[in-house]
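Here's the letter readout for the chains.
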Amino acid sequence: MKIAILGAGAVGLGLAATLDRGGCPPRLVVRNSKTRAALESEGIHRHGLFGVAHVPPGQIELVSHVGELAGPPVEILLVCTKAFDTPGVAEAVTAAWPAGSTRPRIVFCQNGWGNERPFEGRWPSHRLFHARVITGFRLDSPTRVEITAHAQPLAVGSLFGDATTELRPLVECLSRGGLPSEISEDIDADLWSKMLYNCALNPLGALLGVSYGELSERPESRDILEAVVREIFGVLQATGHRTHWTNASDYLDTFYRELLPPTRRHRSSMLQDLRALRPTEIDALCGEVVKLGHQHGVETPVNEALRTLITAREKKGATAHPRP
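Residues numbered from 1 in each chain as written. Predicted model: local features only at pLDDT ≥ 70, side-chain atom pairs only at ≥ 80, totals over all residues. Heavy atoms only, no water.

### Focus: the overall build of the chain
Part 1 of the reasoning: Looking only at helices and strands, the chain features 11 helices and 12 strands.
Part 2 of the reasoning: On C-alpha atoms alone, the chain measures out to a radius of gyration of 19 Å, which is about the 20 Å that the 2.2 N^0.38 rule sets for 324 residues.
Part 3 of the reasoning: By its C-alpha atoms, the chain is 50 × 40 × 40 Å across when sized along the principal axes.
Part 4 of the reasoning: Per-residue burial over the chain gives 54% buried out of 324 residues. (Helix = DSSP H or I, 4+ residues; strand = E, 2+ residues; numbered from the N terminus. Rg over C-alpha atoms; globule rule 2.2 N^0.38 Å. Buried < 20%, exposed > 50% of the residue type's maximum accessible area, 1.4 Å probe, protein only.)

Right under this line is the structure:
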């Protein structure tokens, strides 16, 4: 099985090390020249939950551009970039594999909802898949990634009703590499369970600068995250999308009992992005909830407030510390 990964951030490096440990060394697209030089010199070090995995320098092939993947066949391409990069990814991937060529199956390993939209009309839907990743990855350096939290197995499936059995070798390799993974026949519900989790925790944790557990311990922040969840269930009911719980109360019961405890110490990637003066994925998270709410006449004031506050923090950081 020939796998490639686009994106050498925390998720991309974490999955690359996991696949290598599972016996499926991927090819890795590294667009930042400094990161590539560091990886060529040091390899990849994964630590934290699920043990240590070290990829020695030269063990996996590093390329600078997606177009370099079109030579030797690629069967599966994992997209591990930030959600806001996906339109550019769609252009680059389509240029690398034009219509008529043997195209890889694409698996979106990203936060948010609607990652496949930039590929509509460019890529056959039966070769588009999504992964629900509720595992915390954190970069300690350009070559070192820590798995800090894990709530549920990585799940891979299709939103278009296409067979996912062809991706079984991928999930088996990830599981062998130490990251529990599975095929999902209900990825729509899985992705919305992740939206509930991320929208409730990520922006609020980023604004307050605290861990997931601290959010649940403070009555004020707990009230806000529960309001986010209730708004999302209103949107789900109006749009016809579904998740694994029929109402907000049932979800919150599972959230506090099962989902939150393993990740209490985790601090969101959105907080890391704000501190590093990088753009966040707020538009793919609360922004998508707000958009769907507007389209279907559902009010989402708490999600909208969080999106507005995160956007303001992004702009404040960019103004206070302009990039050269």
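### Re the sheet that holds strand E1 (residues 3-6)
Part 1 of the reasoning: A sheet is described by the order of its strands in space; here 8 strands give the open sequence E5-E2-E1-E6-E7-E8-E11-E12, paired in mixed fashion. On the outer flanks of this sheet lie strand E5 (62-63) and strand E12 (181-183), each paired with one strand and no other.
Part 2 of the reasoning: Where E1 lies against strand E2 (residues 27-29), 3 bridges are found, and the strand directions are parallel. Paired with Ile 5 across the strands is Leu 28, a residue of E2.
Part 3 of the reasoning: Here helix H4 (residues 168-176) sits on the sheet and contacts E1, strand E6 (76-79), strand E7 (105-108), strand E11 (154-157) and E12; the angle it forms with E12, its principal contact strand, is near 165°. (Pairing = 2+ DSSP bridges. Contact = heavy atoms within 4.5 Å. Axes fitted to C-alpha atoms, helices over the stretch in contact; angles between N-to-C directions.)

### Digging into the nonpolar core
Part 1 of the reasoning: Formed by 44 residues in total, the largest nonpolar core has its most connected members in Leu 225, Tyr 251 and Phe 255.
Part 2 of the reasoning: Taken together, the elements giving at least two residues each to this core come down to helix H5 (187-208), helix H6 (212-217), helix H7 (219-239), helix H8 (248-259), helix H9 (269-275), helix H10 (286-296) and helix H11 (301-320).
Part 3 of the reasoning: Per-element tally for this core: the top contributor is H5, with 11 residues.
Part 4 of the reasoning: Ignoring any residue separated from it by four or fewer positions in sequence, one finds Tyr 251 in contact with Ser 193, Leu 196, Tyr 197, Val 229, Phe 233, Trp 245 and Leu 259.
Part 5 of the reasoning: Among the nonpolar cores identified, the runner-up in size contains 38 residues, and Leu 39, Leu 62, Ile 147 and Leu 179 belong to it. (Core = buried A, V, L, I, M, F, W, Y, C linked by side-chain atoms within 4.5 Å.)

### As for the pattern of salt bridges
Part 1 of the reasoning: As enumerated under the stated definition, the model contains 19 salt bridges in all.
Part 2 of the reasoning: In this structure, Arg 105 and Glu 166 form a salt bridge, with 3.1 Å as the shortest nitrogen-oxygen distance. Residue Arg 105 is found in strand E7, and its partner Glu 166 is found in the loop between E11 and H4; the two are separated by 61 residues along the sequence.
Part 3 of the reasoning: The closest approach of N and O atoms between Lys 291 and Glu 288, which form a salt bridge, is 3.3 Å. On the criterion of helical spacing, the pair formed by Lys 291 and Glu 288 is a turn pair, its members being 3 residues apart in helix H10.
Part 4 of the reasoning: Under the relative-accessibility criterion, Glu 288 is labelled buried at 5%.
Part 5 of the reasoning: Each member of the salt-bridge network shares a partner with another, and the members are Lys 82, Asp 273 and Arg 278. (Salt bridge = Lys/Arg side-chain N within 4 Å of Asp/Glu carboxyl O.)

### Some points on H5
An α-helical turn contains 3.6 residues, so any two residues separated by three or four positions project in the same direction.
Part 1 of the reasoning: Its 22 residues place the ends of H5 31 Å apart at the C-alpha level, agreeing with the 32 Å of an ideal helix rising 1.5 Å per residue.
Part 2 of the reasoning: Within H5, the axis deviates most sharply at Asn 198, by approximately 30°.
Part 3 of the reasoning: The element H5 is largely enclosed, with a buried count of 20 among its 22 residues.
Part 4 of the reasoning: Positive phi shows up at Gly 209, right after H5, with a value of about 70°. (Expected span 1.5 Å × (residues − 1). Bend = angle between axes of the 7 residues up to and from the residue.)

### What about the packing of H5 against H10?
Part 1 of the reasoning: Two elements in contact, H5 and H10, have axes separated by 9 Å at closest approach and are oriented at 115°. Counting all contacts with H5, which are made through Trp 192, Met 195, Cys 199 and Pro 203, the residues of H10 involved are Cys 286, Glu 288, Val 289 and Leu 292.
Part 2 of the reasoning: Looking at the contact of H5 with H10, its residues break down into 7 nonpolar, no polar and 1 charged. (Nonpolar A, V, L, I, M, F, W, Y, C, P; charged D, E, K, R; others polar.)

### Brief notes about the state of the cysteines
Part 1 of the reasoning: Taken as a whole and judged by the stated rule, the model has 1 disulfide.
Part 2 of the reasoning: Shown here is the disulfide that connects Cys 24 with Cys 173, its sulfur atoms set 2.3 Å apart. Linking Cys 24 and Cys 173, the disulfide has an S-S dihedral of approximately 135° and is accordingly described as right-handed. Residue Cys 24 is found in the loop between helix H1 (10-21) and E2, and its partner Cys 173 is found in helix H4; the two are separated by 149 residues along the sequence.
Part 3 of the reasoning: Judged by its relative accessible area of 11%, Cys 24 is buried.
Part 4 of the reasoning: Sulfur of Cys 109: no disulfide; nearest cysteine sulfur belongs to Cys 80 and is 4.4 Å away.
Part 5 of the reasoning: Residue classification places Cys 109 among the buried residues on the basis of a relative accessible area of 7%.
Part 6 of the reasoning: Of all cysteine sulfurs, the one in Cys 199 lies closest to Cys 286, which takes part in no disulfide; the gap is 4.2 Å.
Part 7 of the reasoning: On the basis of relative accessibility, which here comes to 0%, the residue Cys 286 falls in the buried class. (Disulfide = S-S within 2.5 Å.)

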